[in-house]
Amino acid sequence: NMRTLKILALLLAAVSLSVLDEESYYTMRIEQVIQRWHSPVTYRSIGDGWFEFRDTLTGQTFRQLVADARTYGGKQPKKIITIDVGSIDTSRYSNLFVREARIPLGTGYDPIVGYISQQGRRYLIGARLLNGSYSGSFIYMTDTLTKSLKQVYEYYGFGFVPVGPGIFYSDNTPQFAGDSSGSILIFEPNSGSDTPKIRSAERLGKWGGSQYPRIYDFDGDGFDEVVFRNRNPQHSADVIVSKYDLSLMTFRDVYKNNFDKKFEWGSWAVGDFDLDGKGEFATVAVGGFVYFIEIGGNDSTYLVTFNDTTRAQNAGFNYEGNDLDGDGKPECFIGSHFFGGLSNIAVYETVGNDDFEVSLWIEIKGVGALKHGIVTGDVDGDGRDELVLSIGGFALILKANKDDEYKMMWMKSFQSEIGIRLFDINGDGTQDLIISQQRFEEPRGGFTDIYSFNRLTNIEGKSVNLNTFHLSFPFPNPASGQSGTSVVINGSSKCKLTLYSSDGRLIKVLFNIENQNSTRKLRINTDGLTAGLYFILLTSDRMMAVRKLLVLR
């Protein structure tokens, strides 16, 4: 009857209005994040609160859940740490890292990567992006003595995302892998030349190429495999492990899994997390499902050896740590975020073979972003790695002071969303921050800033004039037989230069002066020293500087 039809019409109108309001709410949340970081993306709804985004600079697509946060069960963490980014005064950290250089490579979504060749040459590798298209791929080589960069290679016609170094087919010539829309390019050293040569360009993907490749020797044969994510057309993705076949001169897949079509967006933590001598990789799928995959038995079959359900919800950003808190266990960092601004990191540590617990849960509030990342490395030269995060346009460094106790070490805000890699540019044993960003002025594209830890700060945290107090990087480094350094001392009442072993033992006092202004060059004789890492320490009554020296035999 007519009354029934009117009721049905009202119900349909109410449902339509509800859907429209929900879509408007999601769109508002997306626009807030895009405007905050000037993110060069377009987006469309694909249903159930999921949106597909397209980076207009690189052409890459990815999906994220924009619906309200949904948490899941799983193992409860032993400890929870909460960091509210909005309440932190970033000016207090302004002098802790100094910008050393800027090069026109990389973007926030495709950061550049460092690579040390067999000959000891240090390279920075990445693509140059201009006005929405790749103009080519370039390699810069670093001069550790002058701390300068020079371009040694250019290849026009394609842009590739650098992955990292590995041993794929020869145990005495380290190679470098890059991802070019699903093709893994292998660079190998070129004897007598600073320019590496390309060995192969093999296509791995069928649907939009591979993403987030990582390199690790999972089967223990001395040659590395590549683990990556490969999009398929069914709104999900495959996790693939591929190995280089020298006879075929191509990569062949040795493992593939889409976890019942629940894997959509994630990266990898790789390492021997349970200390059983076999490497594994870990990731998170939609719904907070965490998986650890390892080769089992003697048949080279990859198996899910551990799974859990964590509070992680969306967009996994995962990485490994080399025992950051000093408890004897390597960390597996499983990161996720809720679109509105809460980022979560579950820290897994082993409690036995193929068994793990969430030893720590890190909550970071107040950072809405599309782009997230984790890396770990020793960025301050104290011999212990730090946790380095890129969340939107924020760079954060957390330092573990003791077992499962992390505190903010450094934070900086940038104008665009960023990507961070670590690399020892100067050869001093300390990892530098390689921070890739978007450029908004014409011609639009990307660039990369290189930041180094500023050891030259006084007890108030203020910068020190290098003309009054300076310790140069030792050269050669590594050294066998002899190395050298120089010091500048002005305005300090007492100064001492000492050499320490990596375990804190005083090896020798190189000089000890009082009430003198001088510039000195010193030779450091390494005869009689065992091979290993040493620290050169310059101290005064108000300041301190440290350099690393690696002794070879």
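Residues numbered from 1 in each chain as written. Predicted model: local features only at pLDDT ≥ 70, side-chain atom pairs only at ≥ 80, totals over all residues. Heavy atoms only, no water.

Now for the overall build of the protein. Looking only at helices and strands, the protein features one helix and 39 strands. By residue count, 55% of the 553 residues in the protein fall in the buried class. Taking all contacts inside the protein whose residues are at least 6 apart in sequence as the whole, residues at least 24 apart take part in 52%. Here the protein displays about 23500 Å² of accessible surface, and carbon together with sulfur accounts for 49% of that area. (Helix = DSSP H or I, 4+ residues; strand = E, 2+ residues; numbered from the N terminus. Buried < 20%, exposed > 50% of the residue type's maximum accessible area, 1.4 Å probe, protein only. Contact = heavy atoms within 4.5 Å. Areas by Shrake-Rupley, 256 points an atom, 1.4 Å probe, with all protein chains shown as cover.)

So, on to the sheet that holds strand β29 (residues 405-413). Hydrogen bonds between backbone atoms are what pair the strands of a sheet, whose relative direction is either parallel or antiparallel. With respect to topology, four strands assemble into an open sheet ordered β26-β27-β28-β29, the strand pairing being antiparallel. Among the strands making up the open sheet, the edge pair consists of β26 (372-377) and β29. Across the sheet, the mean angle from the axis of one strand to that of its neighbour is 20°, orientation sign disregarded. As paired elements, β26 and strand β27 (residues 386-391) share six bridges and run antiparallel to each other. Looking at β27, one finds that Gly373 is bridged to Ser390. (Pairing = 2+ DSSP bridges. Axes fitted to C-alpha atoms, helices over the stretch in contact; angles between N-to-C directions.)

Attention now goes to unusual backbone geometry. Residue Pro478 is bonded to the preceding Asn477 through a cis peptide linkage, with omega at 10°. In this structure, Pro478 sits in the loop between β33 (469-471) and β34 (482-489). In the Ramachandran plot, Leu275 falls in the positive-phi region, its phi being about 60° despite a non-glycine side chain. Within the fold, Leu275 resides in the loop between β18 (269-271) and β19 (280-285). On the basis of relative accessible area, Leu275 is assigned to the exposed category, the value being 52%. Positive phi values are uncommon outside glycine, yet Asp354 reaches one of about 60°. Checked against the element boundaries, Asp354 lands in the loop between β24 (342-352) and β25 (355-365).

The residue Asp380 is located in the loop between β26 and β27 in this model. Polar contacts involving the side chain of Asp380 include one to the main-chain amide nitrogen of Asp382, which spans 3.4 Å. A polar atom in the side chain of Asp380 sits 2.9 Å from the side chain of Lys399. (Polar contact = N/O pair within 3.5 Å; in protein donor to acceptor, adjacent residues only side chain to side chain.)

Take the nonpolar core next. Among the nonpolar cores identified, the biggest contains 53 residues, and Phe97, Leu387, Leu389, Tyr406 and Leu433 are the most heavily contacted of them. Broken down by element, this core gets its largest block of residues, six residues, from strand β28 (residues 394-402). Contacts of Phe97, omitting those with residues within four sequence positions, involve Val379, Ile397, Met409, Trp410, Leu433, Tyr451, Ser452, Phe453 and Asn454. (Core = buried A, V, L, I, M, F, W, Y, C linked by side-chain atoms within 4.5 Å.)

It is worth spelling out the environment of Arg520 at this point. If you trace the backbone, Arg520 turns up in strand β37 (residues 518-525). Accessibility expressed as a relative area gives 28% for Arg520, which makes it partly exposed. Residues Arg520 and Val487, spaced 33 residues apart in sequence, show a C-alpha to C-alpha distance of 5.3 Å. Here Arg520 is in contact with Thr485, Ser486, Val487, Phe511 and Ile513, once residues within four sequence places are set aside.

Our next topic: the confidence of the model for the protein. Overall, the prediction assigns the protein a mean pLDDT of 76, with 73% of residues at 70 or greater. The lowest-confidence element of the protein is strand β13 (residues 197-203), averaging 58 in pLDDT; the highest-confidence one is β18, averaging 93. Taken as a whole, residues 10-20 scores under 50 in pLDDT and shows zero contacts with residues more than four places along the chain or in a different chain. In the predicted structure, residues 457-467 sits below a pLDDT of 50 and forms 20 contacts with residues beyond four places in sequence or in another chain. (pLDDT = per-residue confidence, 0-100.)

Before going further, it helps to examine the packing of aromatic side chains. Applying the stated criterion across every chain yields a total of 22 aromatic pairs. Ring plane angle 50° and centroid distance 6.3 Å describe the contact between Trp410 and Tyr451, whose orientation is recorded as tilted. Remark: Tyr451 occurs in strand β32 (residues 445-453) and Trp410 occurs in strand β29; sequence separation between them is 41 residues. Pair check on accessibility: Trp410 and Tyr451 agree, each one buried. Among the aromatic residues, those joined into a cluster by ring pairs are Tyr216, Phe218, Tyr255, Trp268, Phe281 and Tyr302. Between Lys412 and the ring centre of Phe414, over which it is positioned, the NZ or CZ distance is 5.6 Å. (Phe/Tyr/Trp six-rings, centres within 6.5 Å; stacked < 30°, edge-to-face > 60°. Lys NZ or Arg CZ within 6 Å of the ring centre and 35° of its normal.)

Taken together, four strands build an open sheet; the order of strands is β18-β19-β20-β21 and the sheet is antiparallel. What marks the edges here is a single partner per strand, and that holds for β18 and β21 (301-309). On average, each strand axis in the sheet is inclined to that of its neighbour by 20°, with strand direction left out of account. Across eight bridges, the pairing between strand β20 (residues 289-296) and β21 is antiparallel.

Quick look at the environment of Pro478 now. Relative accessible area serves as the criterion here: at 38%, Pro478 is assigned to the partly exposed category. Considering only alpha carbons, one finds Pro478 and Leu533, 55 residues apart in sequence, at a separation of 9.3 Å. Once you skip the residues sitting within four places of it in the chain, Pro478 turns out to touch Leu550 and Leu552.

Bringing the pattern of salt bridges into the picture now. Taken as a whole, this structure holds 16 salt bridges when the rule is applied. Ionic pairing is found between Arg252 and Asp245, a salt bridge with its closest N-O pair at 3.4 Å. Accessibility expressed as a relative area gives 14% for Asp245, which makes it buried. Via salt bridges that share partners, Asp219, Asp221, Glu225 and Lys243 belong to a single interconnected network. (Salt bridge = Lys/Arg side-chain N within 4 Å of Asp/Glu carboxyl O.)

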